[in-house]
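Below are the chains, spelled out letter by letter.
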Amino acid sequence: AESKAAALKTEHDAANQRLLEETKAKADAMRITVSTKAKAEAESILIKAKAEADAIRLKAEAEAKRAQMLSETNFGQQEALLEKYSEMVIKSNEGVEKVIYLDPSINRESPFALGSLQNLNFDLNNLSQLAIASRESSGMNGGRQ
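Below or above, wherever it landed, is the structure these notes cover. (Residues numbered from 1 in each chain as written. Predicted model: local features only at pLDDT ≥ 70, side-chain atom pairs only at ≥ 80, totals over all residues. Heavy atoms only, no water.)

1. Some thoughts on the overall build of the chain
Link 1 in the chain: For the chain, the count of helices and strands is three helices and zero strands.
Link 2 in the chain: Going residue by residue from the N terminus, the α and β elements of the chain occur as α-α-α.
Link 3 in the chain: Across the 145 residues of the chain, 4% fall into the buried class.
Link 4 in the chain: As displayed, the chain has an accessible area near 13200 Å², and 59% of this comes from carbon and sulfur atoms. (Helix = DSSP H or I, 4+ residues; strand = E, 2+ residues; numbered from the N terminus. Buried < 20%, exposed > 50% of the residue type's maximum accessible area, 1.4 Å probe, protein only. Areas by Shrake-Rupley, 256 points an atom, 1.4 Å probe, with all protein chains shown as cover.)

See the structure below:
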């Protein structure tokens, strides 16, 4: 009877050991799978972030080159002035809830009168003259201010 009990105990111990090792192996496999998946996701995020950073850098370089090329032409300088004028108008209209139209032929001197293309052209002309005068004066001073 004792030998049967010892044999049964040995059999159960071996079965329990196999079950324990099988469970450990499954847990290790699951841990490796999860770890590999997490590493792949992290690498994917890193690659995407680097690609986005490169795209932003390339776009900035292209914009800087475009701005430099435009600034070297009269058209580019006027475009820059128009852009500033546009930003000024957009900012001045922020928070506006009501618009009242005043006929410019009746009340031209009102601060509420809409700007006309003629006034815009006059402003651009004056700004261009200032830019030309500024360049001429800096050229006479040997580029020193």
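Once the structure has been displayed, the description carries forward.
2. Description of the pattern of salt bridges
Link 1 in the chain: This structure, assessed with the given rule, holds six salt bridges.
Link 2 in the chain: Salt-bridge contacts for Arg57 lead to Asp54; the nearest nitrogen and oxygen are separated by 3.8 Å. Taken together, the residues Arg57 and Asp54, both in helix H1 (residues 2-71) and three residues apart, mark about one turn of the helix.
Link 3 in the chain: Look at Arg57 and you get partly exposed, because its relative accessible area is 39%.
Link 4 in the chain: In this structure, Lys84 engages Glu87 in a salt bridge whose closest nitrogen and oxygen atoms are separated by 3.9 Å. You can see Lys84 and its partner Glu87 sitting in helix H2 (residues 74-92), three residues apart, about one turn around the helix.
Link 5 in the chain: Each of Asp54, Arg57 and Glu61 takes part in one network of salt bridges that share partners. (Salt bridge = Lys/Arg side-chain N within 4 Å of Asp/Glu carboxyl O.)

3. Points about the environment of Ala67
Link 1 in the chain: In this fold, Ala67 is placed in helix H1.
Link 2 in the chain: Ala67 gets classed as partly exposed once you look at its relative accessible area, which sits at 41%.
Link 3 in the chain: With 10 residues separating them along the chain, Ala67 and Gln77 place their C-alpha atoms 9.6 Å apart.

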